[in-house]
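# A closer look at the structure
Residue-level listing of the chains:
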Amino acid sequence: MTVVALDFETANERRDSACAIGLAWIEGGRVVRRASRLIRPPELRFSPGNIRVHGIVPADVRDKPNFGEAVAEFLPDLAGGLILAHNASFDIGVLRASLQTCGLPAPPLRYLCTVQVARRVFPDPEGCGLGKVARRLGIRFEHHDAGEDAYACAEIALAAVRQTEAADVPDLSRVLSLPATRIDGSAAIPRAGAGAISGRILRALKPAEPDALRFAMRGSTGNRYEVSLEDRRSGLMLRCTCMAGRHGVRCRHVKALVVGDITDLLSNNHADVEVLRRRLAAVG
């Protein structure tokens, strides 16, 4: 049986906003293969809190495959084997929701949550979050990188196999009286196109007047600054009201918007960041 650990990072609060996938395959009592991919979510709307967790910004995924394209090569193993995930309800929810948004059927799945495994095999008052369990077991990894998280998840399962003297990872279910969860597949929901951008975002991406593009940005000390796109004789220019911007310096607020980093965006106009990128790209 194929055993693969799975982890997703998401762009925002929506379950179908996967922006990265990580996987780690287990065979013969060890991790034999690892893979990770960046994913372009349906909307390039990244919540500041999510960016702070994983560090992925819109510029990183703008030219990456959509969900269906990114996971196609992995689906046979996911559908035909045992999936491991730390807080599995989240990752399985992301998988199913993202497939549905792409208009693809969700296959039947069988999964085991390593949080539940850790609570039974490695209980500790501080909790069983991925980082905490990995630290207690001496597993070294970079937390909140999808590929690294999948690897840590796999290693936790392998540690539990050794601790319980189970025959292998699937046998943990029997040893721990923790049945793997099975969920049926679902039919695809018709979509205008796999990975299509919503009509709301498409409307937002229509050409806008330069003066209409304004952004409120948070400074390093919490001050609020305004960044606006101005049409000057020399061309389009982003102007910021911070001290550096007033002196004609290309400040960090401007640089962040140019690459699509909305970590410090205070105004609720995430889609306009993509509009800005397209306007700047059009003039070179």
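Given the structure is predicted, the values throughout are model-derived calculations rather than measurements.

Bringing helix α8 (residues 146-164) into the picture now. If you check α8, its first and last C-alpha atoms are 27 Å apart, about what 19 residues at 1.5 Å a residue would give, namely 27 Å. Across the 19 residues of α8, 16 count as buried, placing the element largely inside the fold. At the N-terminal boundary of α8, the capping side chain belongs to Asp145, with an oxygen 3.0 Å from the backbone nitrogen of Gly147.

As a further point, take the packing of helix α6 (residues 114-121) against α8. The contact between α6 and α8 brings their axes to 10 Å, and the two run at 35°. Regarding α6 and α8, the two cross each other, and that crossing is left-handed. Across from Thr114, Val117 and Val121 in α6, the residues of α8 making contact are Cys153, Ile156, Ala157, Ala160, Gln163 and Thr164. Partitioning the contact of α6 with α8 into residue classes produces six nonpolar, three polar and no charged.

This part is about the confidence of the model for the protein. Within the protein, residue pLDDT values average 87, and 90% of them lie at 70 or more. When the criterion is pLDDT under 50, residues 189-211 qualifies, and its contacts beyond four places in sequence or with other chains add up to 33 contacts.

Here is what the cut-offs are and how they apply
Residues numbered from 1 in each chain as written. Predicted model: local features only at pLDDT ≥ 70, side-chain atom pairs only at ≥ 80, totals over all residues. Heavy atoms only, no water. Helix = DSSP H or I, 4+ residues; strand = E, 2+ residues; numbered from the N terminus. Expected span 1.5 Å × (residues − 1). Buried < 20%, exposed > 50% of the residue type's maximum accessible area, 1.4 Å probe, protein only. Polar contact = N/O pair within 3.5 Å; in protein donor to acceptor, adjacent residues only side chain to side chain. Axes fitted to C-alpha atoms, helices over the stretch in contact; angles between N-to-C directions. Left-handed = near helix turned anticlockwise from the far one by under 90°. Contact = heavy atoms within 4.5 Å. Nonpolar A, V, L, I, M, F, W, Y, C, P; charged D, E, K, R; others polar. pLDDT = per-residue confidence, 0-100.

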